[in-house]
Structures are given as structure tokens and as C-alpha cells.
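As a plain string of letters, each chain reads:
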Amino acid sequence: MTVLMSATYKQRLRGWLSYAFASEAFVVVSLTLFLPICLEQFARDNGFLQPEKTESCSSLSGAARANADGRCAVKIGWLWIDTASFSLYVYSMSVALQALTVISMGSIADRLSYRKPLLLTFAAIGALSASLFLPLSSTSPLWMISALFAILANVGFGASVVAMNAYLPSLAKDSPEVVQAYSELPSTFENRDENTDLAASVNLELESSFEEVSDPLLGHPIHPCTSHSTYTAELSRATSRISSLGIASGYIAGIILLLVALIPVTRLHGSTFSLRLAIGLSGIWWALFSIPAAIWLPNASNIDEPESDSIKPDDDWTFSSEIAAAWKRLGVMLHWREIKRLQHTFRYLAAWFLLSDGFTTITSTAILFGKTTLHMQASSLVLIGAITPLFGIIGSLVSPILQRKFMWSNLHVLVLLVMMVSLIPAYGCLGFLPIFKGTARFGGLTTQGEMFGLAVYFGFAYGAFQSYARAFYAELLPPGEEARWYGLFSITDKSSSFVGPLIVGLIADSTGNIRYAFFFLVFMVWAAVPVLLSVDVDKGRQDANDYV
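Residues numbered from 1 in each chain as written. Predicted model: local features only at pLDDT ≥ 70, side-chain atom pairs only at ≥ 80, totals over all residues. Heavy atoms only, no water.

Engineer: Could you clarify how one ought to interpret the overall build of the protein in this entry?
Structural biologist: Along the protein, the regular secondary structure elements total 21 helices and three strands. A total of 548 residues make up the protein; the buried ones form 58% of that total. Considering only contacts in the protein between residues 6 or more positions apart, those separated by 24 or more positions represent 81%. Of the roughly 21,800 Å² of accessible surface on the protein, 66% is carried by carbon and sulfur atoms. (Helix = DSSP H or I, 4+ residues; strand = E, 2+ residues; numbered from the N terminus. Buried < 20%, exposed > 50% of the residue type's maximum accessible area, 1.4 Å probe, protein only. Contact = heavy atoms within 4.5 Å. Areas by Shrake-Rupley, 256 points an atom, 1.4 Å probe, with all protein chains shown as cover.)

Engineer: Help me understand a nonpolar patch on the surface, please; the structure alone is not making it clear to me.
Structural biologist: Taken together, the side chains of Ile284, Leu288, Phe289, Ile291, Ile295 and Trp296 present a nonpolar region at the surface, about 540 Å² in accessible area. Among the secondary structure elements, Leu288 is positioned in helix H10 (residues 272-296). (Patch = residues over 30% accessible without salt bridge, like charges linked within 9 Å, V, L, I, M, F, W, Y side chains within 5 Å. Salt bridge = Lys/Arg side-chain N within 4 Å of Asp/Glu carboxyl O.)

Engineer: Is there a simple way to think about the nonpolar core in this case?
Structural biologist: Most often, soluble globular proteins keep nonpolar side chains buried together rather than apart. Within the largest apolar cluster, 145 residues are counted, with the highest numbers of intra-cluster contacts made by Phe34, Tyr348 and Phe465. A per-element tally of this core places helix H1 (residues 2-45) first, with 22 residues. Apart from the residues within four sequence positions on either side, Phe465 is in contact with Trp352, Leu355, Phe359, Leu414, Leu417 and Val418. Ranked by size, the runner-up nonpolar core spans eight residues in total, among them Met105, Leu118, Ala159 and Val162. (Core = buried A, V, L, I, M, F, W, Y, C linked by side-chain atoms within 4.5 Å.)

Engineer: Is there a simple way to explain the packing of aromatic side chains in this structure?
Structural biologist: Pairs of aromatic rings are described using the distance from one ring centre to the other and the angle between the two planes. Within this structure, the stated rule accounts for 19 aromatic pairs. Ring geometry for Phe157 versus Trp286: centroids 6.4 Å apart, planes at 70°, classification edge-to-face. Of the two residues, Phe157 sits in helix H5 (residues 145-165) while Trp286 sits in helix H10, which places them 129 residues apart along the sequence. An identical accessibility class is assigned to Phe157 and Trp286; each is buried. A centroid spacing of 4.6 Å and a plane angle of 40° characterise the contact between Trp285 and Phe289, whose relative ring orientation is tilted. Of this pair, Trp285 and Phe289 both sit in helix H10, four residues apart, roughly one helical turn. Classification of Trp285 as buried rests on a relative accessible area of 13%. Joined through ring pairs, the aromatic side chains of Trp352, Phe359, Phe458, Tyr462 and Phe465 make up one cluster. Positioned above the aromatic ring of Trp296, the side-chain terminus of Arg14 is 5.3 Å from the ring centre. We note Arg115 situated over the ring of Tyr167; from NZ or CZ to the ring centre the distance is 5.2 Å. (Phe/Tyr/Trp six-rings, centres within 6.5 Å; stacked < 30°, edge-to-face > 60°. Lys NZ or Arg CZ within 6 Å of the ring centre and 35° of its normal.)

Engineer: I would appreciate a short explanation of the environment of Tyr19 in the present structure.
Structural biologist: One can find Tyr19 in helix H1. Those residues in contact with Tyr19 that sit more than four places away from it in its chain are Glu24, Leu119, Ala123, Ser160, Met164, Trp286, Ser290 and Ala293.

Engineer: When you look at the sheet that holds strand S1 (residues 48-49) in this model, what are you seeing that I'm missing?
Structural biologist: Strand order in the open sheet formed by three strands is S1-S2-S3, with antiparallel pairing between adjacent strands. Among the strands making up the open sheet, the edge pair consists of S1 and strand S3 (79-82). Pairing geometry for S1 and strand S2 (residues 72-76), over two bridges, is antiparallel. Bridged to Leu49 within S2 is Cys72. (Pairing = 2+ DSSP bridges.)

Engineer: Quick question: what am I supposed to make of H10 here?
Structural biologist: Owing to its 3.6 residues per turn, the α-helix brings residues three or four apart onto one side. Between the first and last C-alpha of H10 there are 37 Å, a value that for 25 residues agrees with the 36 Å anticipated at 1.5 Å per step. The largest bend in H10 amounts to roughly 25° and is located at Ser290, with the proline Pro292 lying one to four residues further along. (Expected span 1.5 Å × (residues − 1). Bend = angle between axes of the 7 residues up to and from the residue.)

Engineer: What should I look at first to understand the state of the cysteines in this one?
Structural biologist: Throughout this description, disulfide means a covalent bond between two cysteine sulfur atoms. On inspection of all chains with the given rule, the structure shows one disulfide. Cys57 shares a disulfide with Cys72; S-S distance 1.9 Å. Residues Cys57 and Cys72 are joined by a disulfide whose S-S torsion is about 120°; by sign, that bridge is right-handed. Residue Cys57 is located in the loop between S1 and helix H2 (62-67), and its partner Cys72 is located in strand S2; the two are separated by 15 residues in the primary sequence. Comparing Cys57 with Cys72 shows no difference in burial state: the two are buried. (Disulfide = S-S within 2.5 Å.)

Engineer: Honestly, the pattern of salt bridges in this entry has me stumped. Any pointers?
Structural biologist: Any two side chains of opposite charge can pair if their charged atoms end up close together. Summed over all chains, the structure comprises eight salt bridges. The partner of Glu40 in a salt bridge is Lys371, with the nearest N and O atoms 2.7 Å apart. Of this pair, Glu40 sits in helix H1 while Lys371 sits in helix H13 (residues 343-372), placing them 331 residues apart in sequence. A relative accessible area of 15% places Lys371 in the buried class. Between Glu177 and Arg241 there is a salt bridge whose closest N-O contact spans 2.8 Å. Residue Glu177 is found in helix H7 (residues 176-183), and its partner Arg241 is found in helix H9 (residues 226-267); the two are separated by 64 residues along the sequence. Residue classification places Glu177 among the partly exposed positions, given a relative accessible area of 26%. Arg241 sits in the partly exposed class, given a relative accessible area of 32%. Put simply, Glu40, Arg44 and Lys371 are held in one network by salt bridges that share partners.

Engineer: Help me understand unusual backbone geometry in this model?
Structural biologist: Excluding glycine, residues mostly carry a negative phi; peptide bonds, for their part, are mostly trans. Positioned with a positive phi, Met407 is a non-glycine residue whose angle comes to about 60°. Tracing the backbone shows Met407 in the loop between helix H14 (378-406) and helix H15 (410-429). The phi dihedral of Leu445 is positive, around 55°, even though this residue is not glycine. A residue is classified by how much of its surface remains accessible, and Leu445, at 4% relative accessible area, is buried.

Engineer: Is there a simple way to explain the pairing of S2 in this structure?
Structural biologist: The side chains of a regular strand alternate between both faces of the sheet. In this structure, S2 lies alongside S3, joined through four bridges in antiparallel fashion. Note that in S3 the partner of Val74 across the bridge is Ile81. Hairpin remark: S2 followed by S3, antiparallel, with two residues in the connecting loop; positive phi at Gly77, about 70°.

Engineer: Mind showing me how you'd approach the environment of Thr372 here?
Structural biologist: Positionally, Thr372 belongs in helix H13. Spatially, the C-alpha atom of Thr372 lies 9.3 Å from that of Thr83, the residues being 289 residues apart in sequence. Residues within four places of Thr372 in sequence aside, it is in contact with Glu40, Arg44 and Ala84. Here Leu368 takes part through its backbone oxygen, which lies 2.7 Å from a polar atom of the side chain of Thr372. (Polar contact = N/O pair within 3.5 Å; in protein donor to acceptor, adjacent residues only side chain to side chain.)

Dropping the structure here:
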């Protein structure tokens, strides 16, 4: 039976990792790299040089564009918008719509029978939207549809990841080391139903025991017992390890696809078609590698985890009523009384709002800064895009080793990583100093070479941060409501990221220099540190345990 459970667990884990491998490639290749560049290029191909607005931006050669002082702007309706801001505005709209979608579907994803169909449906929407960039030309009168495709692709990704993350607690709970720690708990918690079918008995025993022992994920009472402490520690480590494997798997996929995309981007000299091709390939990759997830991820009939008592029976609900109820429940979740009951969970979410928005905006701003201010070629940006996830893998795998060596807590690691990342926009602010504007050929992010060094630094810190942030949150979740609370997590993650790009776009439009946005990014990241330090993990676990 142990062998059978181990084989089933490995299949579920492979299914979960395969979807990370499929979807995160879209994030690495398109969402953080080619989509901002491609949308800016679409706008540039249809834009005009300011202030006269009579000369087409696309009429300039690469060298002439690099030496041009005027900004490139495109007319959308009656407004003239900076081409770099166009990309940021589209992303801002996409994450706002993503927030609405995630809120509406969160409770449905908590239903085990609908979690997998929702994941696959939104994966199909996202993959198809990305693939449709292939036939769409920037010279077409319908070029604005590129914004719609980008929005749908981002919504598809964000919504599917909510369903994907909802599997994480049960995967950690059923990992071999956690099961072993459970087996060492006092015998009074074991052998709960010996008269049932043997296979069902093992699963029931595991689940019912988790209802009584200390569980940082599902939040059950902590007993003053060494074996319980060991179990808690093993479950926390298993969550971090699986989360790190997912991040590393996605980064590996992104690197592979970036290297493939580098060939046409280089040979076609960064043309708009080469950018569309890269985005289209990420959509095809997303669709193909979602197939193993469709096969291996468990259905409701073969997954054993609790559902919230607030979830109605399957015969007692409709999609429209569940969506309406989801918004009502969100209002309840955000009621001051509920915030006080789970104050440490919400403190972390407040910090995560600032950090996820700040980190995501740093990524998109850096790419646009390199293209429009440092005039980097698309092939160079692709290399930066490959370097960042490569060192993200290293960071996500090395950080747990350093954590064990120095006995750091998860919170300690998160704060350290946040301070490391905040130095990047701070370094960019140095570019305003006269010393870096004169004869100096290095410093303050004024040269293309510095972008490569910062890609290494940022990749290492950000890869580790992503895995720890998701695992840290998993320790503060109420039982049986993983998808709904991961939905709120997603809202404050990529779905909340419309704030940063929107403000950066306004800064770029009003000043004509995107470098000024670095000051805003420093403030946003640093503002999260005191909030993050106020989180008491042990108290948060107990609050989650008492939450009904």
C-alpha cells in the first residue's frame, strides 16, 4: 500500500510540475519579456515622433532611432500616448480584469470536481490568445487587437494558476517525509477506521489525523509534543520544497524556449514578426505541456482533501449563484471583523500587495527601459531574459540550503531578499547624478552592460523570493478554502499589479523619462518591509486553526 500511495503521489506531483513547466514558460518568455516589447513595437510601428507628430517612428533606422531626441507616441482614440506607456497601460488593464476573474472563480475552484476543468479551460484561453499573435501583423488595421490578445492571455494564466496553487497544500501533506512524520505521531491519532476498504482506510486515516494534529497549512491545534513539532517542520519544508520545484521547473522551461526564440529574433534582427513568433511559440508550448497535467492531475474522485463547510452540495448551486456568492464572500473576507480574526494573514497580504506589484513592475520597467532608453537590441533583451530565470533556478534551489545552514526562518529569508531586490531601482536612481551623465562610462544603469549584471543579481533574488512567498502564505491558510484564499493571494499578486504599471506609465508620459519611475519603485518595495516584519507566523497559524 505504501508503494501504491507513493506512485500515486509521484503522478500527482508530476502533473502539478508539468503545468508549472507549461505555464511559467509563457511568463518568462512572453509576459515579462516579449509582450511588453511587442506591444511597444506594435505601437511604434503605428506611431509618430513628437512633438511635430508628422514623421512616422517606423521610418527611422535603428541608429537614427537611438540618436533621436523626440519621443514616439501613438494616437489611441483622441489621446496621444507614449509607446512605452501603451504597453504598461495594456498590462494594467489585463491584471485589473484578471482580478475580477480570479475573485469570481475562487470559490468554484474550491470544489474538487471543478478545480481541474477550470485550470484546463483558462489554460486553453491563455494559450490560444498567445498563439494568435502569430497571424496578426503590426501593419494591419486591426493591430489594436494585440492588446485584447495580451489581456486574455494574462487573464488565462492568472486564473489557471489559482487552481494550480490550490493543489499545493494537499501535495505537501501527502509527501513521503510528511507521511513519515505523521506515522511517528502518538498512536492515539492513528488507525481511525480499520473496518473500511484498505485503500480508503489509508487515505481516511491520513485525512482524519490531519484534523487533529498540528498543521501549518490547514491550521490545526498545535500540541506541545516533539513529534508534532517535527511534523509541523516537515510540512513547512515540504511546502517550500515543492513550491521551489515548481518555480525551478517553470524557469527551466522559460530558458529552453528563450534559447529557441533567440534564433529567429537574432536572424530577423528583432523585427516585429520575430517578436510575434516568440509569443506564439510560448502559447503553443503552454498548450502542449498542459496535456500531461490534464492526464496526471487528480480528479475529484481520486483526491482526498477537505472542502469548506461553506461550500454547497453540487446539486445545490449554479455558476451564476456561485459567482455572486464569491463576491459576497469576498466582502465578508475583507470585513474588519474577519481581518482582525486573521490579522497576520492580512498583514502578509498587505506586504505582498506592495512586493508583488513592485517586483513585477521592476521587471517590465527594466525591459522597457533597456529598449527605449538604453536602445538595446531585441537579441540582447532575449539574453537578459534567459539569464534572469537561469539564476532564478539557482536562487530557488540555493536559498533553502543557505536557510538550513544559517537556521534562518522563512520570514528572515523573505526580508533579506526584499532588501536585495530594492537595491536595483535604487541603483537606477543614481543615473541622475552628474558624475554618471558626464564622461563616466559605467554606473547608475547608464550602459547596456550593467543590465546583464543586474539580470544575474535580480534573477537569483527573485527566483528565491517567489518560492518562499508562496510557501510562506500556505502556512496561513484556513482549512478547505485553499483556492479561495489563493485567489485573494493572486489578486494581491499579479492581479494587483495594475497599480505599478499604471503609475509608471503616467510617470513616463508626464516626464518623458522612464528613469524617474525608479524612485517610485524604491518607495513601493521599502514600504512593504515594516509590514512584513509585523507578521507573527505562529500566531497566524493559530488564527487559521480557529477560523471557521
